[in-house]
Structures are given as structure tokens and as C-alpha cells.
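Overview (structure and organization)
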Amino acid sequence: MLRTILVPLDGSTLAERALPFALDLARRTGGAVHLIRSHVSIAITAATAEGALLSTEMLAADDSLRRRAIEDTQTIAKRLADEWGLPVLAHAEDGSPGPAITATAERLAADLIVMTTHGEGGFTPGWLGSVTDHVIRHSHRPVVALPEHDAHGGAPLAPRSILVTLDGSGRSETILPAAGELAVALGARVELIRVIAPYIPGDVASTLAAETPDAFGIDTVSARAKEALDLLADRLRKLGLEVTASLRVHLSPTRALLDHVKATDPDCIAIASQGRGFSRLFLGSVADKLVRAAGRPVLVLRPYDA
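Basis of the calculations
- Residues numbered from 1 in each chain as written.
- Predicted model: local features only at pLDDT ≥ 70, side-chain atom pairs only at ≥ 80, totals over all residues.
- Heavy atoms only, no water.
- Helix = DSSP H or I, 4+ residues; strand = E, 2+ residues; numbered from the N terminus.
- Buried < 20%, exposed > 50% of the residue type's maximum accessible area, 1.4 Å probe, protein only.
- Contact = heavy atoms within 4.5 Å.
- Areas by Shrake-Rupley, 256 points an atom, 1.4 Å probe, with all protein chains shown as cover.
- Pairing = 2+ DSSP bridges.
- Right-handed = clockwise from strand over helix to strand, strands pointing away.
- Expected span 1.5 Å × (residues − 1).
- Axes fitted to C-alpha atoms, helices over the stretch in contact; angles between N-to-C directions.

This paragraph deals with the overall build of the protein. In terms of regular secondary structure, the protein is built from ten helices and ten strands. Taking all 306 residues of the protein together, the buried fraction comes to 47%. Looking at the protein alone, contacts between residues at least 24 apart form 77% of all its contacts between residues at least 6 apart. For the protein, the exposed area adds up to about 14,800 Å²; of that, 54% sits on carbon and sulfur atoms.

And the structure:
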């Protein structure tokens, strides 16, 4: 269950926009929300007497900023705990935000990290921001990246449909437990989708001229892929979820996925990532375009290497 939910804050209203979603989810699961605020020191040191004096002043200013950040986070935690009737705890760490968030998530064994993204869209550092990008690429905890702009008017997001993208690999399937738990908590329906590209042999003309049934073997591959997809869907149905499974055959998996997202308009997309990028199906422009197409929450998990 998604009972330990971590929300990074940085003092901005944008970061705080992740709070309603996290709090609503915690209320549904009977969990707790943990707020994490990191402080990057501005203190400098110098060898000269003048530099030492400046360093002392900077240290004092730095300590003041640290205490203010801690107090602000504690104030937010207390206010939210009173308003929502939930356990809300504040954590403060020194150091760069990305590593601090990742380390805190591991220490708390967080079930989910909820962060607000910014920018134009797409899984690039410019959209996610360096902090969110770092967390997604380095944490092994599920991350929900919420778009900066949505049509909910500030109300808690509660996705009713989750599109889980798979590519036939065991790594891509590691997103299923988190996606299933999120769907159970939200009462959302789930659609599994896999797109396969037909294999094109070198001598296409000769192969077609042979008039061999299923000359490219795509029917056989499709049947096996659909069977595997249906087995995964059955696993999720055992959780009481409404689940459908879709298989597409297309020369361009990217285009097929984009068309499917446009046609079905899911509230949330769920994917498993690679360490330095996404799985073959979601490398580069695929993930970028999937998210850019609608500006919706994205559930991402970087699984442990086998």
C-alpha cells in the first residue's frame, strides 16, 4: 500500500501544488505524508582576515536561512496535519536537493515520491527540472511527477484512468505493482498497452512471393504478446481492478502510442525507466512526446538492476 508518501518542498508555491494529491492519497490509504526540505549552504571560507570575517558573516546568514527553512516546513506540516487530520512530518537535510530527497526516500522506505514538475513538457531536464530529473534517474522508489499546468483548478488530482506502457521486457513490468496500488487507492481503471513493430526481413519481395501464411511471423508474435499481456491484466484484476489490455502492431511504436494517448486520453501514464534513460520503447522522443501530448501525471519507477 502507498502509506509512506514523500513530498519535496523548496519554499515555492509550485512545489506545494503536489501536496493536495499526496494528502488525498494518504487519506485514502491511511498513510502519512513526509515533507522534505533540503538546504544548500551558501557559506564560503577564505584565508585572509577579511575573508574570515566575511566567512563568519556568511555562516551566520546561512544558519539563519537553514533555521527558517526548517521552521517553515514544520509550520506547513502542522497546518496540514490539522486541516487533513493526517500524520504529516517534516524533515530537513543539508546538501543538494536531489541526493537529499533520494536518500530520505530510502531511509523512510517511501512507497511513493510526489513532485511537481515545471516547464513546457517532456521528459527532459528542462521540463522536469534538475531536481526531479535527478530523483527519477537515481531513486528506486516510485515517483509521481505532476504537471505544472492542469485543468483541475488546484483541486486534488484523482486520476480515474491509468495507462501502463509495456514493451515485453521484465523490466517494464516492474511498474505494475505501483500502478496497481495507485489504481486501487484511487478507484481507477487500468489499461495495459504494448506496441510491437513487425520484423521486416531483408528480401521482402522474395518472402511475399512465396505466399507463405504469416510470412513475417507477425501473427505468431502478436498472439504470444497478447497472451502475455492478458496474463498481466489478470494479475491486476485479482486486486479488484477494472483492467483492459491493448496490443498494437505498427511500424512506428512512437506514433502508435501517441495516437492511442490522444484517442483514449488517460488521466495518468505509468512507465518503468532505465538508469540513464527509458526502456527501448520510451527512449528519447517517445517519453518526451507521450507526456508533452497532454500534461498529465506520470508514474515513473527506476527498478533495481537484476
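Right, picking up where we left off after that structure.
Counted residue by residue, strand β7 (residues 189–196) has seven buried out of eight residues, so it is predominantly covered. When strand β6 (residues 161–166) meets β7, the two strands line up parallel, connected through six bridges. The residue of β7 that forms the bridge with Thr-165 is Ile-193. Tracing the backbone out of β6, into helix α6 (residues 176–186) and back to the parallel element β7 gives a crossover that is right-handed. Here β7 pairs with strand β8 (residues 243–249) via seven bridges, running parallel.

This next bit is on unusual backbone geometry. The residue Ala-109 is not glycine, and still its phi comes out positive at about 55 degrees. Looking at the secondary structure, you find Ala-109 in the loop between α4 (97–108) and β4 (112–116). Judged by its relative accessible area of 38%, Ala-109 falls in the partly exposed class. With phi around 50 degrees, Asp-265 is a residue other than glycine that occupies positive phi space. Within the element layout of this structure, Asp-265 appears in the loop between α9 (253–264) and β9 (268–272).

Between its first and last C-alpha atoms α9 spans 16 Å; for twelve residues at 1.5 Å apiece the expected length is 16 Å, and the two agree. Burial in α9 covers these residues: Thr-254, Ala-256, Leu-257, Leu-258, His-260 and Val-261. Positioned one or two residues after α9, Asp-265 has a phi angle of 50 degrees, which is positive.

With that out of the way, let us pick up the sheet that holds β4. In a beta sheet, neighbouring strands are held together by backbone hydrogen bonds and run either parallel or antiparallel to one another. The strand order β3-β2-β1-β4-β5-β10-β9-β6-β7-β8 describes an open sheet built from ten strands, whose pairing is mixed. Single-partner strands in this sheet number two, and they are β3 (88–94) and β8. Going across the sheet, the axis of each strand differs from the next one's by a mean of 25 degrees, ignoring polarity. The pairing of strand β1 (residues 4–9) with strand β2 (residues 32–39) spans six bridges and is classified as parallel. Counterpart to Val-7 in the pairing with β2 is Leu-35. Set on the sheet, helix α2 (residues 19–29) makes contact with β1, β2, β3, β4 and β5 (143–146); between it and β1 the angle comes to about 165 degrees. Docked against the sheet, α6 engages β6, β7, β9 and β10 (298–301), running at close to 175 degrees with respect to β6.

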